[in-house]
Amino acid sequence: MILRVEYVYWLCGALLAACALRELWRRRWAHGAFWGILAAIFLLGDAMKSAAAHGSAMPQQLAGAGVIALGLIAGFLRRAPTAESTREHERRAASAARLGHGLFVPALIIPFGTLVFTLMQPYLNIGGISQLDRAAGTLIALALACVLAALAAMMLTRARAADAIAETGRLLDALSWAALLPMLLAMLGAVFAFAGVGEAIAHLTAAAIPVQSRLACVLAFAAGMVAFTVIMGNAFAAFPVMMAGVGLPLLIGQHHAQAAALGALGMLTGYCGTLLTPMAANFNIVPAALLELRSTNGVIRAQWPTALWLLAINLVLIWFCALP
Amino acid sequence: MNYWPLLGVAVVVAGFALRMNPALVVVVAAIVSGLLSAMPAADLLTLLGAKFIDSRNLLILVLTLPTIGLLERAGLREHAANWIARMRRFTFARLLIGYLAVRQLLSMLGLTGIAGHAQTVRPLLAPMAEAAAEKIDPELDLDERERIRAFAAATDNTGLFFGEDIFIAFGAVLLIQGFYAQNGIVLDPRHIAIWALPTAIAAFVVQSLRALRLQRRLRTKPPRARESS
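Residues numbered from 1 in each chain as written. Chains lettered and ligands numbered in written order. Predicted model: local features only at pLDDT ≥ 70, side-chain atom pairs only at ≥ 80, totals over all residues.

Draft legend 1. Representation of the overall build of chain A. If you tally the helices and strands in chain A, you get 14 helices and two strands. Sorting the 324 residues of chain A into buried and exposed places 50% on the buried side. Considering only contacts within chain A whose residues lie at least 6 apart along the sequence, 72% involve residues at least 24 apart. (Helix = DSSP H or I, 4+ residues; strand = E, 2+ residues; numbered from the N terminus. Buried ≥ 20, exposed ≤ 12 C-beta atoms within 10 Å, placed from the backbone. Contact = placed C-beta atoms within 7 Å.)

Structure representation (structure tokens):
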């Protein structure tokens, strides 16, 4: 049996569906619908894609309509009140004292299991066929580690599967729409790319700068990388656009910058933008929800000084190392 | 050149500035940009669906939730905090700098999935950082607690971002190499990756200094009258 990445998505879908049913059971209709639609897209996504490959666009359009529905429902999600009583506190403290370092074991199975499965990947083959889908190796390794960790956690804490679902539901409720934002932004990035937003911005930037000035070109390149990354939430999307608009024609073509250094430093300049933007949701907004910060921008507020320092350092490095 | 799709960017900026629901803002921006680029509505719907399906890998963190939820219910965060509180030499700055070093080194080796906000920051690093800060000031207020948790997340991001570019098989290096190759400049990926090293060192130094500074601020802040919160 070859472990394919689809199975990972089906597992995610099944977990989301269980949480959706739990919400419906608790008469939280908006939440049930939200996680239910998401579960359906996870479970049926591969069938929808293969239907599209056979010329039927309808299922994917349904998924598109589902995405719009998710966006509309997102505003109605409210956090369920959590029972944070002193008794609950005491129960957790007693349990912590009883289980001790054992509690770390399932938590550490996730990272170390991922590591082991990733490293084992080339050796997991029977009859010359790899048992893990190569392209998605890390994803499958992470999923396997998560399954093992969940089983270990259930054994350790003597929990039933229903408890595991209830706890997943509690955490999903804390994450709320923030869980979805990375996917929505990836989708937005694709639409922007399709609509030519990047080219339009590069065009405007290149038209606005005095090309004879080396300093102006460096500043425009760096500012463009940061600004475009802030808009797209992803330096990978910004890089080809700013390189084609400013980096290649002006810095390399006209001012003879060294390509390898400019490429690496340009990308890292974009990463400074990633630290600054709510559009990089999986790094900045999801952790704010996970850590239960009152402000969704709490993580950005904690890391902007790092970003600005590194931006300044990158500019100096570009000036002295990448330019002759 | 069609500049109209830029209105999608304006929708994003305005939506975030007006504090509307971000998920809704992003969906609306996608529709606006798509329609203004003269894409037929049916095609736009297909594009939205297809790209959303393609990005399912970004929600893989839900698989970590059963484990983390169960362990939290059984007192994982309390235990992590107690453990740090007992160890004298494990100060706030040492904890975060140590985590940063490990995270950065693992990213350099391409092992980025091994840690993260769901896997390590929420269940382990954040409660440990809070406990380490409590050793300095046992009466942290909610603002300070949130700042410490956010700083833990920021440390994870910094370690990840400024480590991974050194790993030559990582997407960023290959993207840079591929872009240049398309434009007739052939480069060895190792020559690109080596240029990520100075910034990686700078990132480690900057974030470590900030951890030390946060620790010093906790130590030297004036003892305040207990305010009602």
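Now, onward.
Draft legend 2. Geometry of the overall build of chain B. A count of helices and strands for chain B gives eleven helices and zero strands. When the helices and strands of chain B are placed in sequence order, the string is α-α-α-α-α-α-α-α-α-α-α. Computed over the C-alpha atoms, the radius of gyration of chain B is 22 Å, more than 25% above the 17 Å expected from 2.2 N^0.38 for a compact globule of 229 residues. Out of the 229 residues in chain B, the part that is buried amounts to 54%. Excluding contacts between residues fewer than 6 apart, the proportion of contacts in chain B whose partners are at least 24 apart in sequence is 72%. (Rg over C-alpha atoms; globule rule 2.2 N^0.38 Å.)

Draft legend 3. Layout of the packing of helix α8 (residues 181-195) of chain A against helix α2 (residues 22-36) of chain B. Contact geometry of α8 of chain A with α2 of chain B gives a least axis separation of 9 Å together with a crossing angle of 15 degrees. Overall, the two elements α8 of chain A and α2 of chain B adopt an arrangement that is roughly parallel. Remark: the crossing between α8 of chain A and α2 of chain B carries left-handed chirality. Residues Leu-181, Leu-184, Leu-185, Met-187, Leu-188, Val-191, Phe-192 and Ala-195 of chain A of α8 of chain A form the contact with α2 of chain B, whose participating residues are Pro-22, Ala-23, Val-26, Val-27, Ala-29, Ala-30, Ser-33 and Gly-34 of chain B. The residue inventory of the contact of α8 of chain A with α2 of chain B, partitioned by class, reads 14 nonpolar, two polar and no charged. (Axes fitted to C-alpha atoms, helices over the stretch in contact; angles between N-to-C directions. Parallel < 35°, antiparallel > 145°, perpendicular 65-115°, else oblique. Left-handed = near helix turned anticlockwise from the far one by under 90°. Nonpolar A, V, L, I, M, F, W, Y, C, P; charged D, E, K, R; others polar.)

Draft legend 4. Structural detail: the environment of Trp-195 of chain B. Here Trp-195 of chain B lies in the loop between α10 (189-194) and α11 (197-220). Counting along the chain gives 114 residues from Trp-195 of chain B to Ala-81 of chain B, while the straight-line C-alpha distance between them is 39 Å. Setting aside anything within four residues of it in sequence, one finds Trp-195 of chain B in contact with Ala-260, Ala-261, Ala-264 and Leu-265 of chain A.

Draft legend 5. Representation of the environment of Arg-301 of chain A. For Arg-301 of chain A, the location among the structural elements is in helix α14 (residues 298-322). Sequence spacing of Arg-301 of chain A and Leu-276 of chain A is 25 residues, and the spatial spacing of their C-alpha atoms is 8.3 Å.

Draft legend 6. Representation of unusual backbone geometry in the model. Phi at His-256 of chain A takes a positive value of approximately 55 degrees, unusual for a residue other than glycine. Following the sequence through the fold, His-256 of chain A ends up in the loop between α11 (235-254) and α12 (259-274). Non-glycine residue Ala-38 of chain B carries a positive phi angle of around 65 degrees. Considering the arrangement of structural elements, one finds Ala-38 of chain B in the loop between α2 and α3 (41-54). Given 10 C-beta atoms within 10 Å, Ala-38 of chain B falls into the exposed group.

Draft legend 7. Region of the structure containing the interface of chain A and chain B. At the interface, 115 residues of chain A touch 98 residues of chain B. No other element matches the 13 residues that α8 of chain A contributes to the side of chain A that touches chain B. Class assignment for the residues of the side of chain A that touches chain B results in 87 nonpolar, 21 polar and seven charged.

Draft legend 8. Structural view of the domain arrangement of chain A. All names here are of chain A. What the domain assignment lists for chain A is domain 1 (5-78 + 89-179) and domain 2 (191-322). For domain 1 and domain 2, the distance between their C-alpha centres works out to 33 Å. Counting residues at the interface gives five residues for domain 1 and six residues for domain 2. Of the residues that constitute the side of domain 1 that touches domain 2, the class distribution is four nonpolar, one polar and no charged. (Domains from an automatic or database assignment.)

Draft legend 9. Examining the environment of Leu-251 of chain A more closely. Residues and elements named next belong to chain A. Counting through the fold element by element, Leu-251 comes out in helix α11. Overall, the presence of 24 C-beta atoms within 10 Å leaves Leu-251 in the buried class. Along the sequence, Leu-251 and Trp-309 sit 58 residues apart, while their C-alpha atoms lie 23 Å from each other. With residues near it in sequence (within four places) discarded, Leu-251 still touches Cys-217, Val-218, Phe-221, Val-246, Ala-257 and Leu-262.

Draft legend 10. Representation of α11 of chain A. All names here are of chain A. With 20 residues, α11 ought to run about 28 Å at 1.5 Å a step, yet its terminal C-alpha atoms sit only 24 Å apart, falling short of that. Its axis deflected by about 55 degrees at Met-243, α11 carries its strongest bend there. Along α11, 14 of the 20 residues are buried, which leaves the element largely enclosed by surrounding structure. Just beyond α11, the residue with positive phi is His-256, at close to 55 degrees. (Expected span 1.5 Å × (residues − 1). Bend = angle between axes of the 7 residues up to and from the residue.)

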